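# Chains, contacts and geometry: an overview
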Amino acid sequence: MSTEDVPKKSLFDRFLDQISKISMIFCGIALVVMTGIFGWLVFGRYVLNSTPTWVEQVSLLLVVYIGFFGAAVGVHRKTHLGVAVFREMSPEPVRRIFDFLSYSFLTAFGLIMVIYGYKLTVFKWDTAIPLLGVSEGWRALPIMLSGVFVFLASIGHFIHFFKRTNR
């Protein structure tokens, strides 16, 4: 297969791929950091007899980022949770209807995440996370950011849907 046979990705697809890659790197680093701080928690509790109190709050913050960014990457890569048995059993015209409905719901859901994630971030920004002293808005921010990515990824899926290109 020559390089001419492989279709070139659009600028938009490459942009979404880069966001996905950055999100996965961020999630990987966050998992390593979370593992490290839990190691510090165990060391502090059983060796130093001094439990670091901030570990739980930092880990909760990291879990929120990992969960939302990981889910957004799943939407982009089409690995998000879904029941595909009916779609796979259906003839092609019905599959296209299922795909259209799925992309429609994901687009609307991404937009809702952006709007209400923004409102929640602004509402929570003046409140501090206990034991950390940083804004509670940092916990709501990934809702909005991942909502932007879900929305854009769904638009990308719609583009491929109407062009009838597989991705």
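Preceding block: the structure.
Residues numbered from 1 in each chain as written. Predicted model: local features only at pLDDT ≥ 70, side-chain atom pairs only at ≥ 80, totals over all residues. Heavy atoms only, no water.

This next bit is on the environment of Gly156. Tracing the backbone shows Gly156 in helix α5 (residues 137-163). With relative accessibility at 0%, the residue Gly156 sits in the buried group. Distance from Gly156 to Asp13, taken between C-alpha atoms, is 7.0 Å for residues 143 residues apart in sequence. (Helix = DSSP H or I, 4+ residues; strand = E, 2+ residues; numbered from the N terminus. Buried < 20%, exposed > 50% of the residue type's maximum accessible area, 1.4 Å probe, protein only.)

Where helix α4 (residues 92-124) meets α5, the closest approach of the two axes is 7 Å, and the angle between their N-to-C directions is 155°. Classified by the angle between their axes, α4 and α5 sit roughly antiparallel to one another. By crossing handedness, the relation of α4 to α5 is classed as left-handed. Considering only residue class, the contact of α4 with α5 consists of 19 nonpolar, 10 polar and 3 charged. (Axes fitted to C-alpha atoms, helices over the stretch in contact; angles between N-to-C directions. Parallel < 35°, antiparallel > 145°, perpendicular 65-115°, else oblique. Left-handed = near helix turned anticlockwise from the far one by under 90°. Nonpolar A, V, L, I, M, F, W, Y, C, P; charged D, E, K, R; others polar.)

By size, the foremost hydrophobic cluster in this structure holds 8 residues: Leu16, Ala72, Val73, Val75, Leu106, Phe149, Val150 and Ala153. Listing elements by their share of this core, those giving two or more residues are α2 (55-77) and α5. Leave out the neighbours within four places in its chain, and Leu106 touches Val75, His80, Val150 and Ser154. (Core = buried A, V, L, I, M, F, W, Y, C linked by side-chain atoms within 4.5 Å. Contact = heavy atoms within 4.5 Å.)

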